[in-house]
Amino acid sequence: LRLDRSSTVSTWEPRARIRVRIGDASSVSAAFSRAARLYQVITDLEPEPTLIFNDFWLNAGSDGVPMPRVDHVGAEFNAILPRWSLHVGGFLSWGVGLGEFRPLADQRAASAFRFGDSRTRGVELQVGRLPASAHGIGAVLTYVLSRSERRWDDKVWVPWRLDRTHAVRLQLDAHVSSRWRAFATGEFLSGQPMTPVAEVVRVEAFPTGGGSTGASLYPKYVYGPEGSARSAGTFHLDLGARVTLGGPGRSVIQLGASVINLTFGPVAPDVPVAPYELIQPDGTYVPGGVPYKRLFSLPAVPSVTARIEF
């Protein structure tokens, strides 16, 4: 049991966990915890290639800033067999006072921040196969089915921007020899919620001084209900290898190389193109409605590591 207190707010944060063994190779457990902060940390949710990262720290309990608090409940079953491991878990959470930047698609208010409630639930299944020998291949397959929602100013539950309904991950670890080890990870995630464009309007822009006095028209988006569409899914494959060598004295040297996103897979969600991209060189609009594209593209990223243990 933990108590956090500031000059404006205070909160109790209880935590409890119980675990029961079933025989020598399996167990069941359940846990409850409350997480809270005496301040808000509001930052960008979407990763994107930009040189500007907004990061705001706000004191809870003052200037209309609520204290963020989330309660978590989880239960799991674990079993370890001679060649297999099994994990089955479920989780629930509900929170109040969570804050984030107001997205561009939320055009109902001028405030840069918004605060609301959260609810999350899901199940996780993980199956692992241990290598048959010291030089065998181990594998872990994980599947998660989850749902994460938020409720903002209008008190309507909507999918959270980072919600992923399905997640599948396969991890392989091969001990090729006493010195060489190779590993690979492949992951598929279903698409994130997306707010679609409902209408394109043309807004007049008047020159501020000099030149022509006529007004020009440029397109602007009017968005539909938040989270009412889904982006396409994402996938990436990572590969790597490591060799262990003897160094001076009793030291051990490990050299490794890896490649992230070897398949150049789509790793970013879909977003509508910028409004100005709708205008063709002849001044007409792109036919067929508003096109969507990936927020950014990620090439294969190689890396080399060296580690020395004395």
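Above this text you will find the structure in question.
**Observations regarding the overall build of the protein**
Moving on, step 1. For the protein, the count of helices and strands is 0 helices and 22 strands.
Moving on, step 2. Over its C-alpha trace the protein gives a radius of gyration of 25 Å, far above what one expects of a compact globule, namely 19 Å for 310 residues.
Moving on, step 3. Its C-alpha atoms give the protein principal-axis dimensions of about 80 × 50 × 40 Å.
Moving on, step 4. Expressed as a percentage of its 310 residues, the buried residues of the protein come to 29%.
Moving on, step 5. In the protein, 60% of the contacts between residues at least 6 apart in sequence involve partners at least 24 apart.

**Here's the deal with the nonpolar core**
Moving on, step 1. By size, the foremost hydrophobic cluster in this structure holds 6 residues: V197, Y221, Y223, V273, L278 and V290.
Moving on, step 2. Every residue in contact with V273, bar those within four places of it in the chain, is listed here: Y221, L278, P291 and K293.
Moving on, step 3. With 5 residues, the next largest nonpolar core counts I42, V65, F101 and F113 among its residues.

**Examining the packing of aromatic side chains**
Moving on, step 1. Throughout the structure, instances matching the rule amount to 5 aromatic pairs.
Moving on, step 2. Judged by centre distance (5.1 Å) and plane angle (20°), the ring pair of Y39 and W57 falls under stacked. A residue pair is termed long-range when its members are at least 10 positions apart, and Y39 in strand β5 (residues 39–43) and W57 in strand β6 (residues 55–59) qualify at 18 residues.
Moving on, step 3. Consider the rings of F56 and F113, whose centres lie 5.3 Å apart with planes at 70°: the pair is edge-to-face. Placement of F56 in strand β6 and of F113 in strand β9 (residues 113–129) is noted, with a sequence separation of 57 residues between them.
Moving on, step 4. Judged by relative accessible area, which is 18%, F113 ranks as buried.
Moving on, step 5. Connected via pairs of aromatic rings, a cluster forms that spans F56, F101 and F113.
Moving on, step 6. Taking the ring centre of W160 as reference, the NZ or CZ of R150 above it sits at 4.0 Å.

**Here we look at the pattern of salt bridges**
Side chains bearing opposite charge may pair, as long as their charged atoms lie close to each other.
Moving on, step 1. Per the stated rule, a full pass over the model turns up 19 salt bridges.
Moving on, step 2. One salt bridge in this structure joins R114 and E226, with 2.8 Å as the shortest N-O distance. Of the two residues, R114 sits in strand β9 while E226 sits in the loop between β16 (216–223) and β17 (229–230), which places them 112 residues apart along the sequence.
Moving on, step 3. Classification of R114 as buried rests on a relative accessible area of 1%.
Moving on, step 4. Its relative accessible area of 22% is what places E226 among the partly exposed residues.
Moving on, step 5. Of the charged contacts in the structure, one is a salt bridge between E149 and R147, with a shortest N-O distance of 3.4 Å.
Moving on, step 6. Taking the relative accessible area as the measure of exposure, E149 reaches 5% and is therefore buried.
Moving on, step 7. Its relative accessible area of 32% is what places R147 among the partly exposed residues.
Moving on, step 8. The structure contains a network of salt bridges with shared partners spanning E100, R102, D106, R114, D153, R161 and E226.

**Topic: a nonpolar patch on the surface**
Moving on, step 1. Among the surface-exposed residues, I137, L141, V168, L170, L172, F188 and F235 lie close enough to one another that they form a single nonpolar patch of about 590 Å² accessible area.
Moving on, step 2. Of all the secondary structure elements, the ones that give two or more residues to the nonpolar patch are β10 (137–151) and β12 (166–175).
Moving on, step 3. The element best represented in the nonpolar patch is β12, accounting for 3 residues.
Moving on, step 4. Secondary-structure assignment places L141 in strand β10.
Moving on, step 5. Looking at L141, the relative accessible area reads 46%, which means it is partly exposed.

**Topic: the pairing of strand β8 (residues 84–101)**
Moving on, step 1. Relative to β8, strand β7 (residues 69–80) is paired through 12 bridges, and the arrangement is antiparallel. Among the inter-strand pairings, R69 is bridged to a residue of β8, identified as V96.
Moving on, step 2. Bridging between β8 and β9 involves 16 bridges; their strand directions are antiparallel. Among the inter-strand pairings, H87 is bridged to a residue of β9, identified as Q126.

**Quick word on the pairing of β7**
Moving on, step 1. Pairing between strand β4 (residues 26–36) and β7: 11 bridges, direction antiparallel. Bridge assignment links S33 to a residue of β7, and that residue is H72.
Moving on, step 2. Hairpin connection from β7 to β8: 3 residues lie between these consecutive antiparallel strands.

Basis of the calculations
Residues numbered from 1 in each chain as written. Predicted model: local features only at pLDDT ≥ 70, side-chain atom pairs only at ≥ 80, totals over all residues. Heavy atoms only, no water. Helix = DSSP H or I, 4+ residues; strand = E, 2+ residues; numbered from the N terminus. Rg over C-alpha atoms; globule rule 2.2 N^0.38 Å. Buried < 20%, exposed > 50% of the residue type's maximum accessible area, 1.4 Å probe, protein only. Contact = heavy atoms within 4.5 Å. Core = buried A, V, L, I, M, F, W, Y, C linked by side-chain atoms within 4.5 Å. Phe/Tyr/Trp six-rings, centres within 6.5 Å; stacked < 30°, edge-to-face > 60°. Lys NZ or Arg CZ within 6 Å of the ring centre and 35° of its normal. Salt bridge = Lys/Arg side-chain N within 4 Å of Asp/Glu carboxyl O. Patch = residues over 30% accessible without salt bridge, like charges linked within 9 Å, V, L, I, M, F, W, Y side chains within 5 Å. Areas by Shrake-Rupley, 256 points an atom, 1.4 Å probe, with all protein chains shown as cover. Pairing = 2+ DSSP bridges.

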